[in-house]
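Structural overview
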Amino acid sequence: MVLFERAPAKINLSLDVLGKREDGFHEVEMIMTSVDLADRVELYDINDDKIEVSTDNQYVPNDEGNLAYKAALAFKNTYRLHRGIRINIQKNIPVSAGLGGGSSDAAAVLRGLNRMWSVGVSQAELVEFSSELGSDVPFCITGNTALGTGHGEKIRTLPSPPPCYIVLAKPDIGISTRHIFPRVNMDTIPHPDTEAVIQSLEEKDFDKLCQHSGNALEDVTFPLYPEVKQIRDKMLETGASGALMSGSGPTVAGLTRHFSKAKRIYNGLRGFCNEVYIVQLLDRR
């Protein structure tokens, strides 16, 4: 049996850091939405009781270091499933980009195994189960647009954003979240207005969304990687109504209402970095 799952990228519309918890994680408020840049995850039922992973990207591990492998192993162990699975991941989402590619692949594996093996786990159970795998995985289970709190594991669905085009630009560097969060200075870090962003979604107010969108981690990433700030500034110069870093970076998302402006931003960045995409929102409720 073969099953295919789409694993969409996510972007942040807002990301705030509220403090450090006793368990070592940071308390966050993240507003996330899915876009139509996606990996393709193929699941093959195999006879042997083992997990195999293959990808078409040399920077993604093909062993237990892959988050999709960890998701399959945790699912098998939790539900006592003595079955085998081969996972093939066709990567379209840039790696170590702040777009949740690995988390989305893991979420796709969990959704797929639940269907393939007729386990019957509810979405709410999958969200709770997946929180042990990574902060972005619970959101990637649900998709659409949501507020993530705690260390990202508590998910509350929000209204869809107003229609727009998004330009994603990633410089030729990778950034690990584990490299950024320990450098957060809670005394100086700026705090975006999460409630104002939520209101902009409720009101479908694009200008208000662009005005209040923000990412507190830019305060850490920009000084370490100035090229990320240069991309953000270039987007605003070439017509983006709003631009912010996604996750801990380095990808920057620029928002505009019109495709013609998205194309202008895209063209302005093509000479600056190799990975530039024009994408649209998946959440069109």
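Below is a summary of the structure that appears in this document. Worth saying up front: this structure is predicted, and the values here are computed from it rather than measured. (Residues numbered from 1 in each chain as written. Predicted model: local features only at pLDDT ≥ 70, side-chain atom pairs only at ≥ 80, totals over all residues. Heavy atoms only, no water.)

Brief notes about the overall build of the protein chain
Counting its regular elements, the protein chain contains 10 helices and 11 strands. For a compact globule of 285 residues, the expected C-alpha radius of gyration is about 19 Å, and the protein chain comes in at 19 Å, within 12% of that figure. Across its three principal directions, the C-alpha atoms of the protein chain cover 55 × 40 × 35 Å. Sorting the 285 residues of the protein chain into buried and exposed places 56% on the buried side. Nonlocal contacts in the protein chain, meaning residues at least 24 apart in sequence, comprise 74% of its contacts between residues at least 6 apart. Within the structure as shown, the protein chain displays about 12600 Å² of accessible surface, and the carbon and sulfur contribution to it stands at 44%. (Helix = DSSP H or I, 4+ residues; strand = E, 2+ residues; numbered from the N terminus. Rg over C-alpha atoms; globule rule 2.2 N^0.38 Å. Buried < 20%, exposed > 50% of the residue type's maximum accessible area, 1.4 Å probe, protein only. Contact = heavy atoms within 4.5 Å. Areas by Shrake-Rupley, 256 points an atom, 1.4 Å probe, with all protein chains shown as cover.)

Details of the pairing of strand S10 (residues 252-256)
Buried residues dominate S10, accounting for 5 of its 5 residues. Here S10 shows two buried faces, one formed by Val252, Gly254 and Thr256 and the other by Ala253 and Leu255. Looking at chain direction, strand S7 (residues 165-170) and S10 are connected through 5 bridges and run antiparallel. Note that in S10 the partner of Val167 across the bridge is Gly254. Where strand S9 (residues 242-245) meets S10, 4 bridges bridge the pair, whose relative direction is antiparallel. If you follow Ala243 over to S10, its bridge partner there is Gly254. (Pairing = 2+ DSSP bridges.)

Let's talk about the environment of Ile173
Looking at the element boundaries, Ile173 is found in the loop between S7 and helix H5 (177-180). Sequence-distant contacts of Ile173, defined by excluding residues within four places in its chain, comprise Ser96, Tyr225, Glu227, Val228 and Pro250.

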